[in-house]
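The chain contents come next:
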Amino acid sequence: MSVGRRAVVTAGAGLALALAGAPTARSHGLPSPGPSPQGLPPRGRPRMRTVHVAGDSTAAQKYADAAPETGWGMALPFFLHKGLTVANHAVNGRSTKSFLDEGRLDAILTTIRPGDLLLVQFGHNDAKTADPTRYTEPWTTYQDNLRVFVEGARARGALPVLATSVERRKFAADGTALRTHGAYPAAMRETALESDVPLLDIEALSLALWQELGPEATKTYFNWTATEQDNTHFNPPGAIEVARLVTAELLRTHVLAPRETCRLDDEIPTDRITWTVSEES
């Protein structure tokens with residue numbers, strides 16, 4: 001089952017008024033060539049731009065031994081037109097703190113170029129209160145860390161974009177889809193507003209989509225197998241639909257122009273998902 005863009009739009013309809021006031025790329029004071037979004041090269045002088053993804057296991061590239069588990073970052077290229085490439089730096093188990101402490105943002109900043117995007121989605125592991133190597137407090141250290149990503153991208157002429165964490169699959173007994181990320185999405189929204197950064201509200205949109213689909217249908221989007229019932233990570237259909245949400249939000253916030261996206265209304269064959277054969281050394 002694939003919901004396609006129509007269901008994505010329906011799922012997000014209740015958010016229209018709230019999202020209308022969210023920061024967009026047009027508020028950054030950068031020159032805009034006609035109808036193109038901020039940071040886009042003028043028409044007639046295209047160059048390859050890169051969307052760098054910094055995040056956790058919900059976005060990360062997966063290895064063959066983890067299949068069918070799929071990160072939404074693996075499906076993002078399906079919706080981007082030529083001229084845009086994806087560099088997926090998301091890693092299983094990371095929070096803003098551990099990602100920074102391990103030097104992973106530093107590695108991104110050595111390759112990021114003016115006009116590139118740095119798409120940041122963390123929160124799942126920042127909430128690990130029992131793990132001091134990952135835990136951040138939402139209104140202090142989490143926000144401080146997000147600002148490090150923002151400032152690092154801007155210092156190199158790239159556009160930072162914050163995305164609230166995609167929701168887990170959790171339902172109340174009456175079938176109501178439940179929020180699982182505590183204060184972290186609200187803390188990110190505040191940081192985006194105060195830092196004038198485009199915000200993709202994937203937490204709210206995915207929650208609405210899970211509610212529309214219901215407890216049973218959502219099982220076909222998460223990594224439910226004969227041996228595992230995983231309500232956090234996705235299988236190929238789920239990763240594709242979350243990537244569709246992300247791309248739709250990149251359009252809504254004018255981070256990307258319509259000519260930079262493709263196939264948002266199309267069914268994406270799940271056999272297009274590929275897994276990395278061996279782990280990095």
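Note that the coordinates shown come from a computational prediction; the quantities given were computed from them, not determined experimentally.

What counts, and at which threshold
Residues numbered from 1 in each chain as written. Predicted model: local features only at pLDDT ≥ 70, side-chain atom pairs only at ≥ 80, totals over all residues. Heavy atoms only, no water. Helix = DSSP H or I, 4+ residues; strand = E, 2+ residues; numbered from the N terminus. Buried < 20%, exposed > 50% of the residue type's maximum accessible area, 1.4 Å probe, protein only. Contact = heavy atoms within 4.5 Å. Pairing = 2+ DSSP bridges. Axes fitted to C-alpha atoms, helices over the stretch in contact; angles between N-to-C directions. Parallel < 35°, antiparallel > 145°, perpendicular 65-115°, else oblique. Left-handed = near helix turned anticlockwise from the far one by under 90°. Nonpolar A, V, L, I, M, F, W, Y, C, P; charged D, E, K, R; others polar. Salt bridge = Lys/Arg side-chain N within 4 Å of Asp/Glu carboxyl O. Expected span 1.5 Å × (residues − 1). Bend = angle between axes of the 7 residues up to and from the residue. Phe/Tyr/Trp six-rings, centres within 6.5 Å; stacked < 30°, edge-to-face > 60°. Lys NZ or Arg CZ within 6 Å of the ring centre and 35° of its normal.

If you had to explain the side chain of Ser 206 to someone new, which residues and values would you point to?
With respect to the helices and strands, Ser 206 occurs in helix α8 (residues 202-217). Assessed through its relative accessible area of 0%, Ser 206 is described here as buried. Apart from residues lying up to four places away in sequence, Ser 206 is in contact with Val 166, Glu 167 and Leu 245.

Talk me through the pairing of strand β3 (residues 117-121); I want residue IDs and the actual numbers.
Taken across its 5 residues, β3 has 5 buried, putting it largely inside the fold. Side chains Leu 117, Leu 119 and Gln 121 project from β3 onto one buried face, and the interleaved Leu 118 and Val 120 project onto a second face that is buried too. Relative to β3, strand β1 (residues 49-55) is paired through 5 bridges, and the arrangement is parallel. Across the sheet, His 52 pairs through a bridge with Leu 118, a residue of β3. With 4 bridges connecting them, β3 and strand β4 (residues 159-163) associate as parallel partners. Bridge pairing links Leu 117 to Leu 159 in β4.

Tell me what's going on with the packing of helix α6 (residues 138-155) against helix α7 (residues 184-195), and back it up with residues and numbers.
Contact geometry of α6 with α7 gives a least axis separation of 10 Å together with a crossing angle of 45°. The angle between α6 and α7 places the two elements in the oblique class. When you trace α6 past α7, the crossing you get is right-handed. Here Pro 138, Trp 139, Tyr 142, Gln 143, Leu 146, Arg 147 and Arg 154 of α6 lie close against α7, whose contacting residues are Tyr 184, Ala 186, Ala 187, Met 188, Glu 190, Thr 191, Glu 194 and Ser 195. When grouped by side-chain class, the residues that make up the contact of α6 with α7 number 8 nonpolar, 3 polar and 4 charged.

Got a sec to walk through the sheet that holds β1? Specific residues and values, please.
An order of β2-β1-β3-β4-β5 is seen for the 5 strands of this open sheet, with the pairing classed as parallel. Strands at the two margins of the open sheet, each flanked by one partner only, are β2 (84-88) and β5 (199-200).

Mind laying out the pattern of salt bridges, listing which residues take part and the relevant values?
Within this structure, the stated rule accounts for 14 salt bridges. Its salt-bridge partner being Asp 144, residue Arg 147 comes within 3.0 Å of it at the nearest N-O pair. Of this pair, Arg 147 and Asp 144 both sit in helix α6, 3 residues apart, which is roughly one turn of that helix. A residue is classified by how much of its surface remains accessible, and Arg 147, at 23% relative accessible area, is partly exposed. For Asp 144, a relative accessible area of 41% puts it in the partly exposed group. In this structure, Glu 203 and Arg 189 form a salt bridge, with 2.8 Å as the shortest nitrogen-oxygen distance. Placement of Glu 203 in helix α8 and of Arg 189 in helix α7 is noted, with a sequence separation of 14 residues between them.

Requested: an account of unusual backbone geometry, with residues and values cited.
Where the residue is not glycine, phi is negative for most of them; where a peptide bond is considered, it is trans in most cases. Cis rather than trans, the peptide bond between Ala 67 and Pro 68 has omega equal to 15°. As for its placement among the helices and strands, Pro 68 is situated in the loop between β1 and α3 (72-75). Phi is positive for Asp 196, close to 55°, though the residue is something other than glycine. Considering the arrangement of structural elements, one finds Asp 196 in the loop between α7 and β5.

Can you lay out α8 for me, pointing to particular residues and giving the numbers?
With 16 residues, α8 should cover 22 Å at 1.5 Å per step; its first-to-last C-alpha distance of 19 Å lies more than 12% under that length. Along its length, α8 reaches its greatest deviation from straightness, about 60°, at Gln 211, and the proline Pro 215 lies no more than four positions downstream. For α8, the complete set of buried residues consists of Ile 202, Glu 203, Ala 204, Leu 205, Ser 206, Leu 207, Leu 209, Trp 210, Leu 213, Gly 214 and Ala 217.

Please provide a residue-by-residue account of the packing of aromatic side chains, values included.
With the rule as written, the count across this model stands at 8 aromatic pairs. Relative to Tyr 221, the ring of Trp 210 has its centre 6.3 Å away and its plane inclined at 55°; by these criteria the two rings are tilted. Of this pair, Trp 210 sits in helix α8 while Tyr 221 sits in the loop between α8 and β6 (222-224), placing them 11 residues apart in sequence. Residue Tyr 221 is classed as buried on the basis of its relative accessible area, which comes to 0%. Site record: aromatic cluster; members linked through ring pairs are Trp 210, Tyr 221, Phe 222 and Phe 234. In this arrangement the basic side chain of Arg 272 is found over the ring face of Phe 78, its NZ or CZ atom lying 4.7 Å from the centre.

Honestly, that's just the spatial picture; any functional story needs more than this.
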